[in-house]
Amino acid sequence: MSSRSTTSDSPLVVIGSLNIDYVSRVDELPAAGETVIADDITTCRGGKGANQAISASRQGQQVILFGSIGDDENGASYQKQLSAEGIDVSKIQEVPCSTGAAFITVDSDGENTIVVAGGANDFLTRDDILEGASVIEGASALLLQFEVPQPTIVEAISIANEHEVPVIINPSPANAAFPWHEVQTDYLIVNESEAEDLLEFEATFFSASEVRQRIHELRIKCLIVTRGSKTTLVFPNTGDPYEVDTLAVLAIDTVGAGDAFAGCFAAWIAAGSEPLDAIRAANCAGALTTLGGGAQRPIPDRERVEQHLEQIPVPKQT
């Protein structure tokens, strides 16, 4: 399939969080017990579910987002913004509590730490998924993260598995109790530390046979390990692993890069692209997102991704 596949007629379904982000900027991230002075603080919208939905939508993909917001001004304005992005918000429910929040600290190198308060996100239930089951059954792909309750995630994946809908999981924040053996995952997107937590050893080409065995045990068809500015490692459960170059940029803020990657990858998979093409595009999206501040504003659209796509060579797959 060409890297320039058109979008699917069926929607990509994203299930995940919506947060208000409070971002402070410091020279160096604080050590344990240390207090540092922030240069400034800004407020913007985030949450891994919404971030990834926006990334997918900007690739031209039809997106339906399942989530929960609070019955507050933040929640109401957030829904309006997502609708303006072209995202179907009919499966976002309002609950009587505060909209979720994230407290993010970014240092002078663009690295960050994040503390999340679930708020309304904690009220997205298994019943909400069952009520929208027909939407998942007819999806081109399902994209999930771990900022909503685990039973909700498992139910959605089970529906997708039953109807052969590709499942893409970005398991962040890590959850050691997740029942991988109970569900089938087509693509798992993790960073290096998340990969080590999942596998219980470092994911390298030298450990490829062990990685393949482990993801087979966990019912994962393909493991994708993002590594910041370093190459992305790809471990299919059949065939040889390979690596994909990233786009060289001078990062300003890495906050939304992982979500931009996941959303772009899911959009291209939903549109029928080959995994390699989807990863090349996602590497572009992730890198370009680091050139601006905040989680959502700098996420690129499809035209900008395609402008840079040729800068990422097609690796040889053996």
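> Please explain the overall build of the protein as it appears in this structure.
Along the backbone of the protein there are ten helices and 13 strands. Computed over its C-alpha atoms, the radius of gyration of the protein comes to 18 Å, within 12% of the 20 Å expected for a compact globule of 318 residues. When burial is assessed residue by residue, the protein has 55% of its 318 residues classed as buried. Within the protein, residue pairs in contact and separated by at least 24 positions form 70% of the contacts whose partners lie at least 6 positions apart. Just so you have it, the protein exposes about 13600 Å², and 48% of that area is on carbon and sulfur atoms. Computing the positive centroid from 19 side-chain charges and the negative centroid from 46, the protein places the two 6 Å apart.

> I keep staring at the packing of aromatic side chains and nothing clicks. Help me out?
For any pair of aromatic rings, the description consists of the separation of the ring centres together with the inter-plane angle of the planes. Tallied over the entire structure, the rule returns seven aromatic pairs. Arranged with centres 4.6 Å apart and planes meeting at 65°, the rings of F178 and W180 form a pair that is edge-to-face. When sorted by exposure, F178 lands in the same class as W180, which is buried. Aromatic side chains F261 and F265 sit 6.5 Å apart centroid to centroid with 10° between the ring planes, which places their arrangement in the stacked category. Of the two residues, F261 and F265 are both situated in helix α8 (residues 257-270); the distance of four residues between them amounts to about one turn of the helix. The exposure class assigned to F261 is buried, which follows from its relative accessible area of 5%. Of the residues examined, F265 reaches a relative accessible area of 0% and is grouped as buried. Just above the ring of Y78 sits the side chain of R45; from NZ or CZ to the centre is 5.8 Å. Positioned over the ring face of W268 is R302, at 4.1 Å from the centre of the ring.

> For this particular structure, what's the right way to read unusual backbone geometry?
Trans is the prevailing form of peptide bonds, just as negative phi is the prevailing case for residues other than glycine. Here the residue pair S172 and P173 is connected by a cis peptide bond, since its omega of -5° sits within 30 degrees of zero. With respect to the helices and strands, the residue P173 is situated in the loop between β9 (167-170) and β10 (187-191). The phi angle at E200 is positive, at roughly 70°, despite the residue not being glycine. E200 gets classed as exposed once you look at its relative accessible area, which sits at 66%. Phi is positive for R219, which is not a glycine, with a value near 60°. Among the secondary structure elements, R219 is positioned in the loop between α7 (208-217) and β11 (222-227).

> Just checking my understanding: could you explain the side chain of N19 for this structure?
Residue placement: N19 occurs in strand β2 (residues 19-25). Assessed through its relative accessible area of 1%, N19 is described here as buried. When residues no more than four places from it in sequence are discounted, the contact partners of N19 are C44, R45, G46, G47, Y78, G100, A101, A102, V116, A117, N121 and E147.

> Mind showing me how you'd approach helix α2 (residues 73-84) here?
In an α-helix, one full turn covers 3.6 residues, which means residues spaced three or four apart are oriented alike. Along its twelve residues, α2 runs 17 Å from first to last C-alpha, staying within 8% of the 16 Å computed at 1.5 Å per residue. Among the residues making up α2, those that are buried are G75, Y78, Q81 and L82. Buried positions in α2, seen along its axis, are confined to an arc of 125° and lie on one side of it. Structural note: α2 exposes E73, K80 and A84 on the side pointing more than 90 degrees away from its buried face. As for α2, its buried residues are in contact with β2, β3 (40-46), α1 (48-58), β4 (63-70) and β5 (92-95). At the exit of α2 stands G86, carrying a positive phi of roughly 90°.

> It is not clear to me how the pattern of salt bridges should be interpreted in this structure. Could you clarify?
Close approach of charged atoms lets side chains of opposite charge pair. Counting across every chain of the model gives nine salt bridges. A salt bridge links E155 to R126, with the nearest nitrogen and oxygen atoms 2.6 Å apart. With E155 in helix α5 (residues 150-162) and R126 in helix α3 (residues 126-131), this residue pair connects regions lying 29 residues apart in the sequence. Here D277 ties to R280 by a salt bridge, and the two come within 3.6 Å at their closest N and O atoms. Placement of the pair is D277 and R280 together in helix α9 (residues 275-289), with a separation of three residues, close to one helical turn. For the pair D277 and R280, a shared accessibility class is recorded, and that class is buried.

Scoring rules and cut-offs
- Throughout this description, residue numbers start from 1 for each chain and increase along the sequence as written.
- With pLDDT at 70 or above as the cut-off, local features in this predicted model cover only qualifying residues; side-chain atom pairs require 80 or more to be listed or tallied, and sums for whole chains, interfaces and linings still use all residues.
- As a convention, hydrogens and water are excluded, and side-chain values are obtained from all of the structure's heavy atoms.
- We count a stretch as a helix when DSSP gives it H or I for four or more residues in a row; a strand needs E for two or more, and each element gets its number in order from the N terminus.
- Taken over C-alpha atoms, the radius of gyration is set against a globule rule of 2.2 Å times the number of residues to the power 0.38.
- Burial status follows relative accessibility: with a 1.4 Å probe on protein chains alone, a residue under 20% of its type maximum counts as buried, one over 50% as exposed, and anything between as partly exposed.
- It only takes one pair of heavy atoms within 4.5 Å for two residues to be counted as in contact.
- In this description, accessible areas are obtained by the Shrake-Rupley approach with a 1.4 Å probe, and a residue is regarded as covered only by the protein chains that are shown.
- Neither His nor the chain ends contribute to the count of charged residues, in which Lys and Arg are positive and Asp and Glu negative.
- A single reference atom marks each charge: NZ on Lys, CZ on Arg, CG on Asp, CD on Glu.
- Any two rings among Phe, Tyr and Trp, with Trp reduced to its six-membered ring, count as a pair given centres within 6.5 Å; such a pair is stacked if its planes are under 30 degrees apart, edge-to-face if over 60, and tilted if neither.
- Remark: a charge is flagged as sitting over a ring if the NZ atom of Lys or the CZ atom of Arg is within 6 Å of the ring centre and within 35 degrees of the ring normal.
- Multiplying one less than the number of residues by 1.5 Å gives the expected span of a helix.
- Working note: the arc is built from the helix axis to C-beta atom directions.
- Just to be clear on terms, a salt bridge is a Lys or Arg side-chain nitrogen sitting within 4 Å of an Asp or Glu carboxyl oxygen.

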